[in-house]
Amino acid sequence: LYVNLIISIFISFLFFIFSENIMSVYGINYIKGSSTLEILSITSIFFTLATIYNRYMVSISKTWLLFFAAFIGSVFMFTFLLIQKNLTSEVLAYSFLIYFLSGTIMYIFSYKYLNKKGTK
């Protein structure tokens, strides 16, 4: 968990810092889209955590938690998309961030709950 998290944070930090340079490769008009790349680089951290906790839940045969985390994440994501007036690339990037953040939070709470009950 820690190794994957450190690698993910390092790579997303590089994308966050150099997002304007990366987008300038595609042209001047794409530089304003660098904020989308920054949001997605932060999202990749939560994607990494969600994936690791997802595999842990499968390994301990708690597959119902996968459904529950995906359902909660989908509800938050679609609610966010419904209240937005314009569907821009930034809004979609934020929706992915909300989905993976809520899923990761659900996995962390369920992990702590399972370990408190003695299920490892």
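Look above for the structure.
Residues numbered from 1 in each chain as written. Predicted model: local features only at pLDDT ≥ 70, side-chain atom pairs only at ≥ 80, totals over all residues. Heavy atoms only, no water.

S.K.: Residues and numbers for the layout of surface pockets, please.
M.R.: A probe matching the size of a water molecule, rolled over the atoms, marks out where space remains unfilled. Considering only enclosed or pocket space, the largest pocket measures out at about 150 Å³ in volume. Residue lining of the largest pocket: Phe47, Ala50, Thr51, Asn54, Leu66, Ala69, Ala70, Tyr99, Phe100, Gly103 and Tyr107, and that is the complete set. Among the elements of the structure, helix H3 (34-59), helix H4 (63-83) and helix H5 (89-117) are those that each provide at least two residues to the lining of the largest pocket. Classifying every residue of the lining of the largest pocket by side-chain character gives 8 nonpolar, 3 polar and no charged. (1 Å grid on protein atoms, 1.4 Å probe; cavity = no way out; pocket = protein on both sides within 12 Å on 5 of 7 lines; lining within 4 Å. Points joined across faces, edges and corners; volume = space filled by probe spheres on them. Helix = DSSP H or I, 4+ residues; strand = E, 2+ residues; numbered from the N terminus. Nonpolar A, V, L, I, M, F, W, Y, C, P; charged D, E, K, R; others polar.)

S.K.: Give a description of the nonpolar core that names residues and reports values.
M.R.: By size, the foremost hydrophobic cluster in this structure holds 10 residues: Ala50, Tyr53, Met57, Ile60, Leu65, Leu66, Ala69, Phe100, Tyr107 and Leu114. Those elements that place two or more of their residues in this core are H3, H4 and H5. In this structure, phenylalanine 100 is in contact with Thr43, Phe46, Phe47 and Ala50, ignoring residues within four places of it in sequence. (Core = buried A, V, L, I, M, F, W, Y, C linked by side-chain atoms within 4.5 Å. Buried < 20%, exposed > 50% of the residue type's maximum accessible area, 1.4 Å probe, protein only. Contact = heavy atoms within 4.5 Å.)

S.K.: Describe unusual backbone geometry, listing the residues and the values that go with them.
M.R.: Within the chain, serine 61 stands out as a residue other than glycine whose phi angle is a positive 60 degrees. Relative to the assigned elements, serine 61 resides in the loop between H3 and H4.

S.K.: Any details on the packing of H3 against H4? Residues and values, ideally.
M.R.: Contact geometry of H3 with H4 gives a least axis separation of 7 Å together with a crossing angle of 145 degrees. For the pair H3 and H4, the contacting residues are Asn54, Met57 and Val58 in the first and Thr63, Leu65 and Leu66 in the second. Split by residue class, the contact of H3 with H4 holds 4 nonpolar, 2 polar and no charged. (Axes fitted to C-alpha atoms, helices over the stretch in contact; angles between N-to-C directions.)

S.K.: So what about the environment of phenylalanine 68? Which residues, and what values?
M.R.: Note that phenylalanine 68 resides in helix H4. Overall, the relative accessible area of 36% leaves phenylalanine 68 in the partly exposed class. Sequence spacing of phenylalanine 68 and isoleucine 39 is 29 residues, and the spatial spacing of their C-alpha atoms is 25 Å.

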